[in-house]
Amino acid sequence: MSKDLPTVLCVVGARPNFMKIAPIYACLLKYPEVIRAYLVHTGQHYDETMKDAFFRQLGIPEPNIDLEVGSGRHAVQTAQIMLKFEPVLDAVNPCCVLVVGDVNSTIACSLVAVKKQIPIIHVEAGLRSHDRTMPEEINRILTDQLSDLLFTTEESALQNLLAEGIAADKVHFVGNVMIDSLLTNLERAIPVADILKNHQAEMPWTIEPGKGYAVLTLHRPSNVDDTRVFEKILRTVRDVSCQIPVIFTVHPRTRKMIDQAGLGDLLNHSRILCLPPVPYLEMLGLLKDACMVLTDSGGLQEETTALGIPCITLRENTERPITIDQGTNTVVGSDPEKIRRCVTEILESGGKAGQIPRLWDGRSAERIVEIIKRVIIDPLCASHVGRDIRNHNRACGNL
Ligand code: UD1
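Residues numbered from 1 in each chain as written. Predicted model: local features only at pLDDT ≥ 70, side-chain atom pairs only at ≥ 80, totals over all residues. Heavy atoms only, no water.

A.B. asks: Whenever I open this one, the overall build of the protein chain confuses me. Can you help?
C.D. replies: Of the regular secondary structure elements, the protein chain holds 17 helices and 13 strands. What you see for the protein chain is a C-alpha radius of gyration of 21 Å, in line with the 21 Å of a compact globule of 399 residues. Nonlocal contacts in the protein chain, meaning residues at least 24 apart in sequence, comprise 71% of its contacts between residues at least 6 apart. For the protein chain, the exposed surface amounts to about 16400 Å²; the carbon and sulfur share of it is 51%. Taken together, the 42 basic and 49 acidic charged side chains of the protein chain have centroids lying 2 Å from each other. (Helix = DSSP H or I, 4+ residues; strand = E, 2+ residues; numbered from the N terminus. Rg over C-alpha atoms; globule rule 2.2 N^0.38 Å. Contact = heavy atoms within 4.5 Å. Areas by Shrake-Rupley, 256 points an atom, 1.4 Å probe, with all protein chains shown as cover. Lys, Arg positive; Asp, Glu negative; His and termini not counted. Charge placed at Lys NZ, Arg CZ, Asp CG, Glu CD.)

Encoded structure:
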């Protein structure tokens with residue numbers, strides 16, 4: 001790998017970034033003669049269950065550098081990432097910085113890059129919940145404003161970006177890299193029996209394939225940080241478990257809130273199985289045999305649509321409207337009656353059939369890398385790339 005080649009510096013930070021970067025990074029590595037790929041992990045997520053297992057299972061190489069920022073309040077975490085990322089940019093001198101998703105690492109690294117006139121590529125641009133109480137929404141809006149090349153997963157994203165004054169020629173609809181990872185790894189999904197063995201757990205009920213259980217995940221601050229809301233949801237989960245057994249993979253943030261608020265008893269039920277956060281291939285295994293998913297995660301709304309599994313989203317809104325319009329998703333919020341009604345409907349009717357959104361075909365990373373090669377790498381000399389993109393943007397009146 002030559003240091004003289006233009007370097008595409010990719011940033012990952014938190015769990016939902018890993019399945020997005022894996023196919024892009026693998027694709028960048030296919031062109032060692034023209035691209036030097038460099039991976040920075042900010043360390044926002046750092047332990048075995050939230051990071052290491054994902055790197056291993058998704059075949060992501062060890063990062064070139066780990067900033068080891070760890071957890072912290074938003075301002076502290078964002079600031080720490082910025083402080084530690086700046087010298088990396090100085091040392092590596094990349095031709096562009098590629099960020100994914102909407103976590104604090106995404107905006108922190110973008111802010112540092114833009115002030116150094118380094119072009120930013122945002123993968124999963126233009127998604128909007130239109131709910132500015134979500135930290136991720138702030139991260140999305142600001143990262144898109146700073147980006148030079150924006151890759152979208154669904155066509156509605158372009159409208160959001162145009163409404164915010166972003167030029168259409170910076171935006172490319174390429175499909176969904178998270179679905180690239182899903183399709184690549186589905187065959188390697190770990191069977192449920194092995195998952196239970198791995199966690200020394202026993203299924204307290206008999207699984208009937210295809211309709212055996214619901215998978216539950218929860219971690220949004222709006223659901224778990226307010227004890228009254230969280231308790232209401234857990235009581236509803238308990239009710240739901242009388243209709244359909246529930247496997248709950250408990251995020252560390254959620255575990256902390258359960259313990260602090262003393263809500264553990266609500267989960268002490270023969271038809272609720274709590275597991276720690278599970279690695280990627282275990283989650284795929286759980287999904288394969290699930291009859292529905294209840295979640296407040298963004299990624300799972302898309303993964304269930306791709307797999308044709310009914311999804312009940314425990315949020316008031318979604319930034320991924322295609323999962324409702326075309327997919328299997330229903331947004332119900334935290335209202336117990338609405339949740340119970342939706343579960344009953346799915347059990348009675350099988351839920352929304354849905355269809356696979358356009359370009360969710362497992363080839364999004366290839367499209368992204370082709371465009372990067374064409375727009376950023378190819379023009380003459382790598383060191384001029386940032387200037388070229390910025391001059392172009394100025395000429396178009398975008399800067
Ligand atoms: C972050 C992202 C969110 C994403 C989620 C997926 C932001 C603003 N939020 O939220 O968009 O959906 O990750 O998980 O970037 N912890 C561990 N081990 C780890 C990492 C975290 O135990 O490896 C614990 C920490 O104690 C921390 C808590 O989990 O207090 C929450 O982690 P943090 O990264 O701060 O935020 P998330 O809620 O995970």
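A.B. asks: Help me understand the packing of aromatic side chains, please; the structure alone is not making it clear to me.
C.D. replies: Both the distance between ring centres and the angle between the ring planes are used here to describe each pair of aromatic rings. For the coordinates displayed, the defined rule picks out two aromatic pairs. For the ring pair Phe-18 and Phe-54, a centre distance of 6.3 Å and an interplane angle of 45° mean the geometry is tilted. One end of the pair, Phe-18, is in helix α1 (residues 15-28); the other, Phe-54, is in helix α2 (residues 48-58), with 36 residues separating them in the sequence. Both residues of the pair, Phe-18 and Phe-54, count as buried. Ring centres of Phe-18 and Phe-55 lie 5.1 Å apart, and the angle between their planes is 70°; on these two criteria the pair is classed as edge-to-face. (Phe/Tyr/Trp six-rings, centres within 6.5 Å; stacked < 30°, edge-to-face > 60°. Buried < 20%, exposed > 50% of the residue type's maximum accessible area, 1.4 Å probe, protein only.)

A.B. asks: How should I be thinking about unusual backbone geometry in this particular structure?
C.D. replies: The backbone of Glu-124 sits at a positive phi, close to 85°, despite the residue not being glycine. Along the chain, the position of Glu-124 falls in the loop between β5 (120-123) and α5 (135-146). What makes Glu-124 buried here is its relative accessible area of 4%. Positive phi values are uncommon outside glycine, yet Leu-359 reaches one of about 65°. Inspection of the secondary structure puts Leu-359 in the loop between α15 (336-349) and α16 (364-377). We classify Leu-359 as partly exposed; its relative accessible area is 21%.

A.B. asks: I would appreciate a short explanation of the domain arrangement of the protein chain in the present structure.
C.D. replies: You'll often see interface size given as the accessible area lost when the parts meet. Under the domain assignment, the protein chain is made up of domain 1 (7-175 + 359-392) and domain 2 (190-349). When each unit is reduced to the centre of its C-alpha atoms, the spacing between domain 1 and domain 2 is 29 Å. Across the contact, 21 residues belong to domain 1 and 20 residues belong to domain 2. Roughly 1800 Å² is buried in total at the junction of domain 1 and domain 2, and carbon and sulfur atoms are behind 61% of that figure. By the criterion of area lost to domain 2, the three top residues of domain 1 are Gln-57, Glu-154 and Trp-360, representing 32% of everything that side buries. On inspection of domain 1 and its partner domain 2, the count reaches three salt bridges. At the junction of domain 1 and domain 2, the tally comes to seven residue pairs in polar contact (both at pLDDT 80 or more). Examining the composition of the side of domain 1 that touches domain 2, we find that six residues originate from one element, α2, more than from any other. (Domains from an automatic or database assignment. Buried area = accessible area lost by both parts, 1.4 Å probe. Salt bridge = Lys/Arg side-chain N within 4 Å of Asp/Glu carboxyl O. Polar contact = N/O pair within 3.5 Å; in protein donor to acceptor, adjacent residues only side chain to side chain.)

A.B. asks: Can you help me understand the side chain of Arg-140 in this one?
C.D. replies: Assignment of secondary structure puts Arg-140 in helix α5. We classify Arg-140 as buried; its relative accessible area is 1%. Within the structure, the side chain of Arg-140 is placed 2.6 Å from the side chain of Asp-102, a separation counted as a polar contact. A polar atom in the side chain of Arg-140 sits 2.9 Å from the side chain of Glu-137. If sequence neighbours within four positions are ignored, Arg-140 has contacts with Asp-102, Leu-127, Arg-128, Ser-129, Met-134 and Glu-319.

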